Each structure stands twice: as structure tokens, then as C-alpha cells.
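# A closer look at the structure
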Amino acid sequence: MVETVRYTYRLRPGSTAEAALLAEWGRCRWLWNEAVHQQKIGAKPTFCKLSKLLTEARGRNTWLREGSQVVQQQTLRTYASALQASFKIKGRGRPTIKKLKNTLPSLEYTLRGFKIRARRLRLAGGIEIPVVWSRELASDPTSVRVYQDSLGHWYASFVVCREVCAAPASSGAIGIDWGVKTTATTTNARFDLPHLGHRKRCAAELARAQRKMARRRRPKGHAQSNGYRRAKRAAAKLYKKAARQNIHDSRQWAKSIVDNHQVIAVEDFKPRFLAKSTMARKVADAAIGAAKRELAERGMRTGRRVVLVPPAYTTMTCSECAVRAKQRIGLNVRVFECMACGFTAGRDLNAARTILATVERDRAGGDDVRHVITSLRGVGSNAV
Ligand SMILES: [Zn+2]
């Protein structure tokens, strides 16, 4: 079996290449915003119509002709499919204007638009960029996305095919509950994912960096100072570092879970980044988000059964006799005690056991309609 995955590499463009990339992005952004405008005036822009408009516009404007047609067409194709998706999928908003201030450069090249020659990435329009080949590509790439992150670093994300590596055969089942103190509590203590020390440190550092930013911020309408920009960059750097550590830890953890279990029952935790929540809470939520994503992705890829269980009642249901407590258990109560059978366990352990039991019983009737099990299909990106 073959799977499609993304392999991402750091790019080191020189000043000429970087200027060319930014100019390319400027043209694509203009086209995207034109397409949004077409939609707003009710022109129902399909890719076909937009393509025609592009040909006309390129005929009229020399500055547009200076850019690569491949990447411009791809921009419109992406726009058209985003628009299509917004009609089909409930709750998905229409594509919006990309403002210079708050969108980061991102360019997509199909097979016609790029080549790898002499270990360098060559893009349409004569842009040549050295790549940091941190690992070998699994196959010849079929497309590439070139993008810049909030720190100004450039990356190339190639789409490649590779053989699926089968996980070792396993028959075990595990239930997983997410939390702030312990990122993941599982039915088998050996597989728990503790909230690591470096996360606490990083929460404190991030909070400090954001206070610094707040101190230096000037009122709206005034240009921000260099001190503010430096503070903002420092905060972004810390944020990135924390995100990388999260991904690293969760990948190792997800591998150990997936290698040893066939059925994986996961609490369907949705982080809410509330304005008032503390930095520690935000950092913990981000750790949970990363772990859940990595687990889902790896589980799906290796053909395990990954099931998401809605978190309603999992903390107040006894994992031994399935009787639900009459009242919600306060957040500070760390031990679960069943009134019916006298079963006692740690609050999170009981929740993890209930999550697993829900999946094993596969119940979805009567009282438990809200426990309907959602299979995790197509969730998570393919980013590697
Ligand atoms: Zn009980």
C-alpha cells in the first residue's frame, strides 16, 4: 500500500530569491482578493471563469505577466475549491480577503511549476533556492507549497508517495482522557503522558514575553516601536519552540500507543482558547491538541481503530458498573467514588476507563444518545 504524505524542509533563499517570492506572493494575493470581490458582486466565480479572467488580466497588466502563470492558476484553483467547500460544508465560511498585514506568504506549485536540480529547488519564473535536505525525499514530489512562517523562515512542503509501514500486530485496547496536570491519563499507567516540566517553564517565559509586548504596545493608529517589534518576535520564537517540543513529545508518545493497541478510545477534547484563560492553561491545551492530532493521524495511517468519545458524563460515570453519579463532580475532587458499587479510582483514570468501556460496549441507545461514537475519519492533516 502507498500513502500520500508531506515532507517539509527549511529553505534558505538569498535576498534576490526572497524578493522574487514576496513579489510572487503579492500578485497571488491580489488575484485571490479579486476572486473574493467577484464572489461579493455575485459573479459566482468558478475556476473556469476565474481562469478566463486571469488570461484577460495578464493580457492587460505587465506586472501580472511578470509572475508565473502556474502559481497564479493554482491560487485561483485553491480559491475555487475553498468556495465550493464553503457551499457544501455547513459552518464553513466563504474565503475572505487576504490582507497584507495578517496573512503569511504561501505559494503552491504543481508539477509544471518546479524542479529539483543539483539539490536546489527551482521554481517557475527562474527562482532558485537552496534547500536544507534534512532527510531524503521518499519519492519524486508531485507538488510543493513554499511558505513563510511568522518568524520569517521559509519552508518547502513536498507531496510525496511512500510505502505504508505496517505497525506490529496488536490486539490490545486503551482508553485515553486528557487533562491539565497529566496531559494524557490512560487505562494503563505505563502509557500515561505526563505534563512535562519544560512546558511549565515555557508557559512562564511566554507569559513574560507577552507582558513585555503589552507594555511596549502603542495605541491604535500609531506606528509600533522597534522595541515592540523585538518583543513580538521574541514571543513568536518562544511560541514556535513550544509547538515544536509538543510535536516531538506527542509523536514519540503516539508511536508507543499505536504500536501496542488495536483499539484506541480517545476523549474528544476541543481546546477553547479563551481570552481570559491563563498562559499555563493555554500551553496545556496546546499540548493536548498536538497529542490528539498525532495519535489520530498515526492511528489512521497504520489501520488502527481510533474512536472519539464525546466527553459528556465520562468523569461522572462509574467505569466498573456504568452507573452515572447524580451530580457533577467538582474540578478539585481528584478521586472518583461510586455510590452504587463502591468502586474507587483516580478521577482521570476512571474517565479513561469509562471512555474505553463506552467504545467496547458500543452503546448508543436510550440514555446514552449523547455518547454516540464518532469515528475519526479524515481528521488531522498529513503533515509529517
Ligand atoms: Zn460503580
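Worth saying up front: this structure is predicted, and the values here are computed from it rather than measured.

With respect to burial, strand 7 (residues 154–163) is a largely interior element, eight of its ten residues being buried. Where strand 6 (residues 143–148) and strand 7 come together, six bridges link them in antiparallel fashion. Counted as the bridge partner of Val146 is Ala156 from strand 7. Taking the residues that link successive antiparallel strands as the turn, the strand 6-strand 7 hairpin has five residues, and the phi of Gly152 there is positive, at about 90°.

Our focus in this paragraph is the pattern of salt bridges. Considering all chains together, one arrives at 14 salt bridges under this definition. A salt bridge links Glu3 to Arg162; the nearest nitrogen and oxygen atoms lie 2.9 Å apart. Taken together, the residues span a long stretch of sequence, with Glu3 in strand 1 (residues 2–11) and Arg162 in strand 7 at a distance of 159 residues. Residue Glu3 shares its accessibility class with Arg162, and that shared class is buried. For Arg301, the salt bridge identified is with Glu297, shortest N-O distance 3.8 Å. With a gap of four residues between them, Arg301 and Glu297 both fall in helix 7 (residues 279–301), about one helical turn apart.

Right, let's get into the packing of helix 6 (residues 226–260) against helix 7. Viewed as axis vectors pointing N to C, helix 6 and helix 7 meet at an angle of 40°, and their least axial separation amounts to 8 Å. With respect to each other, helix 6 and helix 7 are oriented oblique. As helix 6 packs across helix 7, the resulting crossing turns out to be right-handed. Contacts between helix 6 and helix 7 involve Asn246, Ile247, Ser250, Arg251, Trp253, Ala254, Lys255, Ile257 and Val258 on the former and, on the latter, Ala286, Ala287, Ala290, Ala291, Glu294, Leu295, Arg298 and Gly299. When its residues are assigned to classes, the contact of helix 6 with helix 7 shows ten nonpolar, three polar and four charged.

What follows covers the coordination of the zinc ion. Cys318 (SG), Cys321 (SG), Cys338 (SG) and Cys341 (SG) make up the full set of protein donors to the zinc ion, lying at 2.2 to 2.3 Å. Each of the four donor atoms around the zinc ion contributes to a set of angles spanning 106 to 114°, which defines the coordination as tetrahedral. Each donor residue of the zinc ion belongs to the same chain, and together they define the spacing C-x2-C-x16-C-x2-C. Linking Cys318 in the loop between strand 11 (305–309) and strand 12 (335–337) with Cys338 in the loop between strand 12 and strand 13 (344–346), this pair joins segments that are 20 residues apart in sequence. There is no split in this pair, since Cys318 and Cys338 are both buried.

On to helix 7, then. When the terminal C-alpha atoms of helix 7 are compared, their 33 Å separation across 23 residues agrees well with the 33 Å that a helix rising 1.5 Å per residue should span. Two or three places before Arg281, at the start of helix 7, stands the capping residue Thr278, its side-chain oxygen 3.2 Å from that residue's backbone nitrogen. Two residues or fewer past helix 7, Gly303 is found with a positive phi of approximately 75°.

What follows covers the side chain of Thr75. Of note, Thr75 is situated in helix 4 (residues 69–88). Assessed through its relative accessible area of 14%, Thr75 is described here as buried. Polar contacts involving the side chain of Thr75 include one to the main-chain carbonyl oxygen of Val71, which spans 2.9 Å. The residues contacting Thr75, other than those within four sequence positions of it, are Cys28 and Trp32.

Once that is clear, we can look at the side chain of Ser157. Structurally, Ser157 is set in strand 7. For Ser157, a relative accessible area of 4% corresponds to the buried category. Reaching out from Ser157, the side chain makes a polar contact with the side chain of Arg6 at a distance of 2.7 Å.

Moving on, we get to unusual backbone geometry. Although it is not a glycine, Lys44 adopts a positive phi angle of roughly 45°. Tracing the chain through its elements places Lys44 in the loop between helix 1 (15–40) and helix 2 (47–60). Positioned with a positive phi, Ala322 is a non-glycine residue whose angle comes to about 65°. Assignment of secondary structure puts Ala322 in the loop between strand 11 and strand 12.

The rules behind each value
Residues numbered from 1 in each chain as written. Predicted model: local features only at pLDDT ≥ 70, side-chain atom pairs only at ≥ 80, totals over all residues. Heavy atoms only, no water. Buried < 20%, exposed > 50% of the residue type's maximum accessible area, 1.4 Å probe, protein only. Helix = DSSP H or I, 4+ residues; strand = E, 2+ residues; numbered from the N terminus. Pairing = 2+ DSSP bridges. Salt bridge = Lys/Arg side-chain N within 4 Å of Asp/Glu carboxyl O. Axes fitted to C-alpha atoms, helices over the stretch in contact; angles between N-to-C directions. Parallel < 35°, antiparallel > 145°, perpendicular 65-115°, else oblique. Left-handed = near helix turned anticlockwise from the far one by under 90°. Contact = heavy atoms within 4.5 Å. Nonpolar A, V, L, I, M, F, W, Y, C, P; charged D, E, K, R; others polar. Donors = N, O, S within 2.8 Å, 3.2 Å for Na, K, Ca; no water. Tetrahedral: all angles 85-135°; square planar, octahedral: opposite > 155°, others 65-115°. Expected span 1.5 Å × (residues − 1). Polar contact = N/O pair within 3.5 Å; in protein donor to acceptor, adjacent residues only side chain to side chain.

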